Amino acid sequence: MAVGTEMTVKVLEPATEAVLAELPEAGVEAAEEAVARAKAAFADWRAVAPRDRAALLRRIGARIAERAEDLARLEARNVGKPIADARAEVAMVADVFDYYAGAPERLVGETIPVPGGIDMTFREPLGVVGLITPWNFPLPIASWKVAPALAAGNAVVLKPAELTPMTALELERIATDAGLAGGVLNVVVGLGRVVGERLVEHADVAKIAFTGSTAVGRRVGALAADQIKRVTLELGGKSANVIYADADLEAAAAAAPIAVFGNAGQDCCARSRILVERSGLDRFMELLERSVGSLRVGDPLDPETEMGPLISADQREKVSSYLDGDPPLAVRGSAPDGPGFWFPPTVLCPVSNSDRAAREEIFGPIACVIPFDDEAEAVSIANDTVYGLSGSIWTRDGAKALRTARAIETGTISINSNTSVRVQAPFGGFKQSGIGRELGPRALDYYTELKNVFMSTY
């Protein structure tokens, strides 16, 4: 965890509870200085030729790739995630900058037929944008925001989670080394209720992009509304993994654990509600128990590790509360003893969709298996939540898969797969899982304003 003590932030390693770093804690004044630097840098940055802006983003991506192993190890230690996952995430970050390097020269408008002249549209940068990122995927989610924001010509103030600021600080150094002018990208390490709220309320910040809990996102949206400030909110989830009896149950059961327990369940896309057609439930649970039992939980720096610890003691206590009382424990994996915020992968079955563990975003390695009888009930249960971020459908029936995919109220859904994020495709949620989209070719829409220009030809 990280706590502020005499204006410092102590950053801990979740796997050992040792202090990884001690950093100065920014306050309101530091946030205002960062906004002022970004505002001063904006005019020159937006005037950089698209080709030159593209080249700079490619250099940032190349330098991230060059430093991939160092960044992955730092992320693994700071977050407690398996090194194999951290390596894949850093590779994706390099891809994000490379992908959006193509955007400055393709930020096109259109001409519209109108009487009396020529009508044209342009995508204009917003100005200073505030980016507030979470602790579960620090570097990847920062890149999803920073790269399109810079590609569109904005200046950026990035506030990483105080629990996991280390790779954001490295990103700022890498961008500077790649040639990004001072003030265009500013990283401020401080508390969300101090630095984050100041960014949201600051009159010189034109837009906020926030990833985090729905509760905090609700407050961000309310504060931003006072200024009609643009927002993108990527919030919580309680995603359904719908498994029909006609699916490849071996494949579905093999894939299900990581879809919940990856990153120790600290993933807004976690398929933590596993909906299984009743006629296939017994067989699926046999296979799932085997898969969970083989899951390797341990040292994040061990290449064989598949799940690490939770982020903090507070998070472990919160997750543990979902096992109070007499829950229907069906499968319980193993976890190390000793220092570290460990919690074993856990499966509850059968669970009603009205149970607390099925309603709330646990953000930990607890899965709820919920039986259903037919397609209509599967869709009804999947939609019976305030969230709508991600999800999966497993079946050999293509028509049923597409019917179910169209019927489930969620922003990102996969068929016979549990993946959610691709650099080239839009990502975001329905309902209380957020507003707006990140990644893909339309991300620039959320970092620009559409301007219409009419020229009379008479």
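For the structure itself, consult the block above.
Residues numbered from 1 in each chain as written. Predicted model: local features only at pLDDT ≥ 70, side-chain atom pairs only at ≥ 80, totals over all residues. Heavy atoms only, no water.

Colleague: Looking at this model, I keep getting lost on the sheet that holds strand β4 (residues 111-114). Mind explaining?
Modeller: Strand pairing in a sheet is mediated by backbone hydrogen bonds. Such pairs are either parallel or antiparallel. Sheet architecture is open: 3 strands sit in the order β4-β5-β19, paired in antiparallel fashion. Pairing within the sheet leaves two strands with one partner each, and these edge strands are β4 and β19 (448-456). Recorded for the sheet is a direction-independent mean angle of 25° between the axes of neighbouring strands. Pairing of strand β5 (residues 117-125) with β19, which is carried by 9 bridges, proceeds in the antiparallel orientation. The residue of β19 that forms the bridge with Ile 118 is Met 455. (Pairing = 2+ DSSP bridges. Helix = DSSP H or I, 4+ residues; strand = E, 2+ residues; numbered from the N terminus. Axes fitted to C-alpha atoms, helices over the stretch in contact; angles between N-to-C directions.)

Colleague: Help me out: how do you make sense of the pattern of salt bridges in this one?
Modeller: Opposite charge on two side chains allows them to pair when their charged atoms are near. Tallied over the full model, the rule gives 24 salt bridges. Arg 219 serves as the salt-bridge partner of Glu 197, at 2.6 Å between the closest nitrogen and oxygen. Here Glu 197, found in helix α7 (residues 192-201), pairs with Arg 219, found in helix α8 (residues 214-225); they are 22 residues apart in sequence, far enough to count as distant. Owing to a relative accessible area of 44%, Arg 219 belongs among the partly exposed residues under this scheme. Of the charged contacts, one joins Arg 359 and Asp 384 as a salt bridge, the two residues approaching to 3.3 Å between their closest N and O atoms. Highlighted residues: Arg 359 in helix α12 (residues 356-359) and Asp 384 in the loop between α13 (375-383) and β16 (391-394), separated in sequence by 25 residues. The exposure class of Arg 359 is partly exposed, given its relative accessible area of 31%. Given a relative accessible area of 39%, Asp 384 falls into the partly exposed group. Three or more residues joined by partner-sharing salt bridges are found here, namely Arg 46, Glu 124 and Lys 451. (Salt bridge = Lys/Arg side-chain N within 4 Å of Asp/Glu carboxyl O. Buried < 20%, exposed > 50% of the residue type's maximum accessible area, 1.4 Å probe, protein only.)

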